[in-house]
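As a plain string of letters, each chain reads:
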Amino acid sequence: MQNVLIVSGHPDSENSYANTAVLENILKLFPDAGISRLDQLYPDFQIDVKSEQEKLVNADVIIWQFPLHWYSFPALMKKYIDDVYAFGFAHGAGGDKLKGKKLILSLTTGASEDLYDYGKAMNYPIGDFLPPLIQTAKLCRMEIQEPVYSMGMQYIPGVYPFETLEIIKAKAKDHAHRLATLMSEVLMTKKD
């Protein structure tokens, strides 16, 4: 059995409808997947580097699950990457521990897809925000997979009347199914 590790980078997962629903759905489909819920493990930002590195070493497929914050990772996930994907472990001299591991970017945005385009509110398509994340994986010699993302996933009762909670949960379920399909494909190719 291939080992899957999901690193959940939402800064407040208990109050997230979208990312929580994605995780609930993916864990139903892959109940043996390991998970690091960074906000629950490290609310003080004091990351247990050795423990997290051990989880990565034991994983064949790694998923970074996060909401896009200011066009990148949320702060706690950025700190996790900074601390855990260290020189000598993930890159640089002797840093080959993640070499060949499959990485899937699984992300959500609050803004809708139509706002992510040239000249629109976000000024760029979503893919234009991903190169620094992809380069992080490449520097670590990980095998980056196609990203899985869902847009327009923000639900704040009484504030954003555009989407109902039911629509957000349906989008999250669809996201989890697309992620599961990709995971299955990656795991099958890993066995070959």
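The structure we're discussing is the one just above.
Conventions adopted
- Residues numbered from 1 in each chain as written.
- Predicted model: local features only at pLDDT ≥ 70, side-chain atom pairs only at ≥ 80, totals over all residues.
- Heavy atoms only, no water.
- Salt bridge = Lys/Arg side-chain N within 4 Å of Asp/Glu carboxyl O.
- Helix = DSSP H or I, 4+ residues; strand = E, 2+ residues; numbered from the N terminus.
- Buried < 20%, exposed > 50% of the residue type's maximum accessible area, 1.4 Å probe, protein only.
- Polar contact = N/O pair within 3.5 Å; in protein donor to acceptor, adjacent residues only side chain to side chain.
- Contact = heavy atoms within 4.5 Å.
- Core = buried A, V, L, I, M, F, W, Y, C linked by side-chain atoms within 4.5 Å.

Chemist: Looking at this structure, I do not really get the pattern of salt bridges. What am I missing?
Modeler: Oppositely charged side chains are able to pair whenever their charged atoms sit close together. Applying the stated criterion to the full structure yields six salt bridges. Residue K55 pairs with E52 through a salt bridge whose shortest N-O separation is 2.9 Å. Of this pair, K55 and E52 both sit in helix 3 (residues 49–58), three residues apart, roughly one helical turn. For the salt bridge of K102 with E143, the shortest nitrogen-to-oxygen distance reads 2.3 Å. Of this pair, K102 sits in strand 4 (residues 102–108) while E143 is found in strand 5 (residues 143–144), placing the two residues 41 residues apart along the sequence. Assessed through its relative accessible area of 12%, K102 is described here as buried. For E143, a relative accessible area of 35% translates into the label partly exposed.

Chemist: Please explain the side chain of T108 as it appears in this structure.
Modeler: Following the sequence through the fold, T108 ends up in strand 4. Polar contacts involving the side chain of T108 include one to the side chain of N19, which spans 2.9 Å. With residues near it in sequence (within four places) discarded, T108 still touches N19, Q65, F66, P67, L68, S150 and M153.

Chemist: Just to check I follow, could you spell out the nonpolar core for this structure?
Modeler: Nonpolar side chains in soluble globular proteins generally cluster together in the buried interior. Within the largest apolar cluster, 35 residues are counted, with the highest numbers of intra-cluster contacts made by L56, I62, W64, Y80, Y85 and L98. Counting only elements with at least two residues in this core, the list comes to strand 1 (4–8), strand 3 (61–67), helix 4 (75–84), strand 4 and helix 5 (131–139). Of the residues forming this core, the biggest block, five residues, is contributed by helix 4. For L98, the residues in contact, after removing those within four places along its chain, are L56, I62, Y85, F89, A90, C140, R141 and M142.

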